[in-house]
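Per-entry structural report
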Amino acid sequence: MGERSQADWVAYTLLGSLSARVGDETVAIGGPRQRIIVAALALAWGRVVSVDALIDAVWGDEPPASARTQVAICVGALRKAFKAAGHQAPVIVTAHPGYRLNTECSFLDVREFEKLVAEGGERVRKGSLEDASRLYKQALDLWSGRPLIGVGGQLAEDAETRLEAKRLAAYEAWTGVELELGRHQELIPVLSAVVNDYPQHEQFRHNLMLAQFRSGRRLEAAEGFRVWRNELVEELGLEPSLSIQQLHHAILRDEPGPDRPEEAERPAAAPAARTVPADLPPDVPAFIGREAELRRLDALLADDALGTVPTTGFVTGMAGVGKTSLVVHWAHRVAARFPDGQLHVDVSEHERGPGSATAHAVLGRLLRALGLPGEQIPDDPGERISLHRSLLAERRILVLLDNVRTVDQVKSLLPGSGRSRVVVTSREQQEHMAALHGMLHIALGLVPAQEASALVRRIAGEARGATDLAAVDTLCALCDGLPLALRIAATRLAAKPHWSVRHLVDRLAEEPRRLDELAAGGLEMRSVFAATYRALPVDLARMFRGLSLLDVPDFAAWVGGALLDLPTAEAEKLIEQLVDVNLLTVVGIDDAGAVRYGFHSLLKLYARERARAEEPERERRAARERAWQGWLTLAGEAHRREFGDDFTVLLGTTPRRPLEPSLARGLLESPLAWFDAERASVVAVVRQLSRLGVDELAWELVMSTAALFEARNACDDWRAVTESALVAVRRAGNRRGEAAMTLELASVEMRRHRYDRAKDLLKTAFRLFTDLGEAYGRALALCGMAALDRVGDDLLPGVGRPGQPPAGLGTGEARRATGPVEDVSALLLRSLAIA
């Protein structure tokens, strides 16, 4: 450490538990926020880290309003901690737009590790294998566990993935040098432990087999390869790389191998040029339709003399929509156009966190498939990318990259130029990223009804499907038009020749069982949806579950806000992210200017399952009630804005939800336009309320929207919600609600000119209100009778003319009843509009 005293030096440790020392004194780093800030500054090592970047590292997407102040407080506390440990010089320096570490007289184990690994590689190139082995071992000895133990957040996860990749590369290099030095026996126990920890790391398995073979343990090497290969094929559906298979064949033939690899003739620089991979999955049986999408993919095949043809296709769509089936089928159709080979990689099986780490792993897989032995694949990410692009540029190869989460994961895998082509599939909508990288983007939707029916009949049997075409159509509808669900259902029919199509339809019609029924041959819709759901952040998963609790056909963003008790703007942000990952769809924009969102029915069933499994009933009920109250509040506001007051509306006991001013302005500038957008949802909500026994809210929502139904002459819906709420209040013994809904049903009958029926209902409502002592309700009933009275006895015998008491009431009784409300009677005659 030079001439300076130990107290002048600061040593940072990241390769294990995060720590900092001044000489022999440990610096007291406080809570999680201080640890994240120290890690961020140490990883930047002398570069300025902005305050915004530190806020993002500590709080992610949800920083508090005081975040900048809290960062400054943490930095101040850290400065005091370093001084308390004996280091008086400034350690954390303020530098616009944030802070940086003073790296003078400082030591960082990560930098020392990287330096030793680089020196080890240099010694290998110079042939000094003993020195290289010593340097690699010194580098690996710096590790005391996984990196950044005790540091949370995305920053630590990203750094851990990156550093762990470097450690594995160093370990691979060290074991390779040890093999070249002939230390086979000593390596066997070391490599045996490593392959157990990293079973998918082929180079470690290769080195272990080589060490066992050279140590005379040929049977052990062959048996280990057999077990490992079976696991690889069963779990991932992948065959081992060419180089390790060649080693296995050599072991089986008991070919004599040199004790020191440097004595062997080294392979040519690029043996991969003679390897023509044919790595496509089997073509999809009974593939039907998608002709437009196939033609769009054919655009990738055009001559690119002018450099204008895209080299990459990007296919997006929800889980089960058939992205992989489409690109695999297309790849088989055009395989002859790629004489240098076709490759397929499921990127999700190599996912290791951030895009760079995943790309590094996938590049290794692709280069091995192209015939490069492990020792010829560079560890340096940049060199690995350059080698891959060079191989693609000089050949005509088709690469399918399946199940990509983000474009960032694969952008370094894309060809820069040349005749090779890459097709990517993803469940996330990333049109902007596809456009940015010049990709041909195809958004895959549900299959049309005709193609869905043809697919089911082809798999299940044409004769069988032809016997009941209506049942086939119903089956397709229950499968939501999703190709995977259709294939599963048709496969079940094919496996059960004694089942009729109608029998399977009946089984699928039961919603709680539908996802159970959609499973066959190792495929099930539930697990396909789960792959997307498991990757959701907590708040997105909660929104996904919450929206499924409502029986509405579609919804605006305010509904999500009510469910999760969030401002509408925050709810919209979450909902749009669910759209981006294809868990929700955009239905359209309503006349009130609000975006409407919706579920595919199978996804809604899955989301509701997760809600029941992960949230207590009281929380689900509370979320639903907040949304229901939102409709009630907005309906009441729409009524007041359209008609100037809430006369003719009886109020119940349900609490109203506070209305955001911006929401009221935006949604209710045209109350009837808002109602047009929400009418189907109101009908669905009332039915759900009735079914669940929420009677008070049910009748209040009907009462608040009745005038809006009447204004739109939506008599069928008006009757449906009224009768549904009437069932609920009668079941609950809610006499006031029964009186209100009886009165409302009378209004429906009057609107339809069914005066006899309306008269009976008004009498019943009047009697119920009288028994309850409800003067306002009695007044509303009397106004209805007055409206009937105006119709005249030529239309309704037995009903007096205007000025006479309603039929069935004596003149004195009528006056006594109407006396208290004479001053408002003119306002209450809403129903006179029918006369």
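Residues numbered from 1 in each chain as written. Predicted model: local features only at pLDDT ≥ 70, side-chain atom pairs only at ≥ 80, totals over all residues. Heavy atoms only, no water.

**Observations concerning the overall build of the chain**
Within the chain, the regular secondary structure consists of 36 helices and 16 strands. Summarising the internal contacts of the chain: among those between residues at least 6 apart in sequence, 71% fall at separations of at least 24. With an accessible surface of roughly 37,000 Å², the chain has 50% of that area assigned to carbon and sulfur atoms. (Helix = DSSP H or I, 4+ residues; strand = E, 2+ residues; numbered from the N terminus. Contact = heavy atoms within 4.5 Å. Areas by Shrake-Rupley, 256 points an atom, 1.4 Å probe, with all protein chains shown as cover.)

**A word on the packing of aromatic side chains**
All told, the structure shown has 14 aromatic pairs when counted by the stated rule. The ring of Trp-143 is capped by Arg-167, whose NZ or CZ atom sits 5.5 Å from the centre of that ring. The ring of Phe-338 carries the charged tip of Arg-396 above its face, separated from the ring centre by 4.8 Å. (Phe/Tyr/Trp six-rings, centres within 6.5 Å; stacked < 30°, edge-to-face > 60°. Lys NZ or Arg CZ within 6 Å of the ring centre and 35° of its normal.)

**What about the nonpolar core?**
Counting residues in each nonpolar core, the largest one holds 150 residues, and the members touching the most others are Leu-475, Phe-529, Phe-544 and Trp-631. Phe-544 has contacts with Tyr-533, Leu-536, Leu-578, Leu-583, Phe-599, Leu-603, Tyr-606 and Ala-607, leaving out every residue within four places of it along the chain. One finds Ala-39, Ala-85, Leu-163 and Leu-181 within the second-largest nonpolar core, a separate group that totals 80 residues. (Core = buried A, V, L, I, M, F, W, Y, C linked by side-chain atoms within 4.5 Å. Buried < 20%, exposed > 50% of the residue type's maximum accessible area, 1.4 Å probe, protein only.)

**Description of the sheet that holds strand 6 (residues 98–101)**
The three strands lie next to each other as 4-6-5, forming an open sheet whose pairing is antiparallel. Among the strands making up the open sheet, the edge pair consists of strand 4 (49–50) and strand 5 (92–95). Strand direction decides the pairing type here: strand 5 and strand 6, joined by four bridges, are antiparallel. Within strand 6, the position partnered with Val-93 by the bridge is Arg-100. (Pairing = 2+ DSSP bridges.)

**Remarks on the pattern of salt bridges**
It is possible for side chains of opposite charge to pair when their charged atoms get near one another. By the definition in use, this model includes 46 salt bridges. A salt bridge links Glu-220 to Arg-217; the nearest nitrogen and oxygen atoms lie 2.9 Å apart. On the basis of relative accessible area, Glu-220 is assigned to the partly exposed category, the value being 36%. We note a salt bridge from Arg-641 to Glu-637, for which the minimum N-O separation is 2.8 Å. (Salt bridge = Lys/Arg side-chain N within 4 Å of Asp/Glu carboxyl O.)

**Let's talk about unusual backbone geometry**
Of note in the backbone geometry, Asn-403 takes a positive phi value of approximately 60° without being a glycine. In this fold, Asn-403 is placed in strand 10 (residues 398–404).

**A few points about the pairing of strand 10**
Within strand 10, six of the seven residues are buried, which leaves the element mostly enclosed by the surrounding structure. Pairing analysis gives five bridges linking strand 9 (residues 342–346) to strand 10, with the strands arranged parallel. For Asp-346, the partnering residue across the bridge sits in strand 10 and is Asp-402. Direction of pairing for strand 10 relative to strand 11 (residues 421–426): parallel, over a ladder of five bridges. Within strand 11, the position partnered with Leu-401 by the bridge is Val-424.

**Points about the packing of helix 23 (residues 538–547) against helix 24 (residues 557–564)**
The geometry of helix 23 relative to helix 24 is characterised by a closest axis approach of 10 Å and an angle of 105° between their N-to-C directions. Judged by the angle between their axes, helix 23 and helix 24 are roughly perpendicular. Between helix 23 and helix 24, the contacting residues are Asp-539, Arg-542, Met-543, Gly-546 and Leu-547 on the first element and Gly-560, Leu-563 and Leu-564 on the second. Among the residues forming the contact of helix 23 with helix 24, the class breakdown is four nonpolar, two polar and two charged. (Axes fitted to C-alpha atoms, helices over the stretch in contact; angles between N-to-C directions. Parallel < 35°, antiparallel > 145°, perpendicular 65-115°, else oblique. Nonpolar A, V, L, I, M, F, W, Y, C, P; charged D, E, K, R; others polar.)

**Observations concerning the confidence of the model for the chain**
Per-residue confidence for the chain gives a mean pLDDT of 82, with 88% of residues at or over 70. Taken element by element, the chain is modelled with least confidence in helix 35 (residues 811–818), mean pLDDT 35, and with most confidence in helix 31 (residues 715–732), mean pLDDT 95. Within the model, pLDDT remains below 50 along residues 258–274, and this stretch shows 24 contacts once partners closer than five positions in the same chain are excluded. Counted against residues more than four places away or in other chains, residues 793–835, with its pLDDT under 50, gives 61 contacts. (pLDDT = per-residue confidence, 0-100.)

**Side note on a negative patch on the surface**
Side chains of Asp-56, Asp-61, Glu-62 and Glu-570 sit close together on the surface and give a patch of like negative charge. Mapped onto the secondary structure, Glu-570 falls in helix 25 (residues 568–580). (Patch = residues over 30% accessible without salt bridge, like charges linked within 9 Å, V, L, I, M, F, W, Y side chains within 5 Å. Lys, Arg positive; Asp, Glu negative; His and termini not counted. Charge placed at Lys NZ, Arg CZ, Asp CG, Glu CD.)

**Re the sheet that holds strand 3 (residues 25–26)**
Across the sheet, four strands lie side by side as 3-2-1-7; this open sheet has mixed pairing. The open sheet terminates on both sides in strands that have one partner only, identified here as strand 3 and strand 7 (106–108). Both strand 1 (residues 10–13) and strand 2 (residues 19–22) contribute to a ladder of four bridges, which runs antiparallel. Looking at the pairing, Tyr-12 lines up with Ala-20 of strand 2.

**Some thoughts on the side chain of Glu-178**
Structurally, Glu-178 is set in helix 6 (residues 153–180). Taking the relative accessible area as the measure of exposure, Glu-178 reaches 8% and is therefore buried. Setting aside chain neighbours within four positions, we find Glu-178 in contact with Ser-133, Arg-183 and Leu-187.

**Brief notes about the state of the cysteines**
Within this structure, the stated rule accounts for zero disulfides. Cysteine Cys-479 is unpaired, with the sulfur of Cys-476 as its nearest cysteine sulfur at 6.8 Å. A relative accessible area of 0% places Cys-479 in the buried class. (Disulfide = S-S within 2.5 Å.)

**Observations regarding the environment of Gln-203**
With respect to the secondary-structure elements, Gln-203 resides in helix 8 (residues 202–214). By relative accessible area, Gln-203 is classed as buried at 12%. Through-space distance from the C-alpha of Gln-203 to that of Ile-244 is 8.1 Å; in sequence the pair is 41 residues apart.

**A few points about the packing of helix 1 (residues 32–44) against helix 2 (residues 51–59)**
Between helix 1 and helix 2, the shortest axis-to-axis distance is 9 Å and the interhelical angle comes to 130°. One way to sum up the angle between helix 1 and helix 2 is to call them oblique. When the axes of helix 1 and helix 2 are compared, the crossing they make is right-handed. Residues Arg-33, Ile-36, Ile-37 and Ala-40 of helix 1 lie in contact with helix 2, whose contacting residues are Leu-54, Ala-57, Val-58 and Trp-59. Of the residues that constitute the contact of helix 1 with helix 2, the class distribution is seven nonpolar, no polar and one charged. (Left-handed = near helix turned anticlockwise from the far one by under 90°.)

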